Every structure is written in C-alpha cells, then in structure tokens.
Amino acid sequence: AGYFRARLNNIEPFDKILGGCCWCITGLMYGIEMNFKDDLTLGEKIKLSEQVSENLEKMTCPFQLYPHELQGLNYQKIMPA
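First things first, this report covers the structure right here in the doc. The structure displayed is predicted, hence computed values, not measured ones. (Residues numbered from 1 in each chain as written. Predicted model: local features only at pLDDT ≥ 70, side-chain atom pairs only at ≥ 80, totals over all residues. Heavy atoms only, no water.)

Turning our attention to the layout of surface pockets. By volume, the largest pocket is sized at about 290 Å³. Taken together, 14 residues form the lining of the largest pocket, with Gly20, Cys21, Cys24, Ile78 and Ala81 sitting closest to its centre. Secondary structure elements with two or more residues in the lining of the largest pocket: α1 (13-28) and α4 (75-78). For the lining of the largest pocket, the element with the most residues is α1, which contributes 7 residues. Looking at the lining of the largest pocket, its residues break down into 12 nonpolar, 1 polar and 1 charged. (1 Å grid on protein atoms, 1.4 Å probe; cavity = no way out; pocket = protein on both sides within 12 Å on 5 of 7 lines; lining within 4 Å. Points joined across faces, edges and corners; volume = space filled by probe spheres on them. Helix = DSSP H or I, 4+ residues; strand = E, 2+ residues; numbered from the N terminus. Nonpolar A, V, L, I, M, F, W, Y, C, P; charged D, E, K, R; others polar.)

The terminal C-alpha atoms of α1 lie 23 Å apart, and with 16 residues this matches the ideal 22 Å at 1.5 Å per residue to within 8%. Along α1, the residues that are buried comprise Phe14, Asp15, Ile17, Leu18, Gly19, Gly20, Cys21, Cys22 and Ile25. Where α1 is buried, its residues contact α2 (42-58), α3 (67-71) and α4. (Expected span 1.5 Å × (residues − 1). Buried < 20%, exposed > 50% of the residue type's maximum accessible area, 1.4 Å probe, protein only. Contact = heavy atoms within 4.5 Å.)

On to the pattern of salt bridges. For the structure shown, the criterion picks out 1 salt bridge. Lysine 45 serves as the salt-bridge partner of aspartate 15, at 2.8 Å between the closest nitrogen and oxygen. Taken together, the positions of aspartate 15 in helix α1 and lysine 45 in helix α2 put the pair 30 residues apart, joining distant regions of the chain. (Salt bridge = Lys/Arg side-chain N within 4 Å of Asp/Glu carboxyl O.)

In structure tokens form, the structure reads like this:
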C-alpha cells in the first residue's frame, strides 16, 4: 500500500514528492483530477505544484505549502503538510 514510485531509485526526489502529494490528494478528494506523469516538463510540474498548494488549502490543511517549497525540496515545510 502507499505510493509505489517512492521506492524507485531512478526517480528524482521532486518527482517522488510531487507524485506522492498528487496521489494522496486525489485519494482523499474524489472530485479532484491531478494527472502526474513521468514525462512532464518542468513547467507542467510547477503548474501541478500550484494545484497541490491550492488543494491543500481547500482541504483546510493547517500548514501552508507553496509551489516553490515543493520544487526546492523544503522538507521542513513539506513534511507537516
């Protein structure tokens, strides 16, 4: 169980975290469509990071997480969210 791609060694940490966030949010919010794919461009990943940030706010997450914190791998901000 869980986000299986997190175990793969050939995937960049940003991709693992972004994909895991998308997986969690879509699992919890049925009306949300967040398509994470292996071949996204950096611009598409940043747009997806913005969606993650927006959806965490909609979910009333008590921790604010900004897209640049996801991309910059700011684990101190990512982990609580």
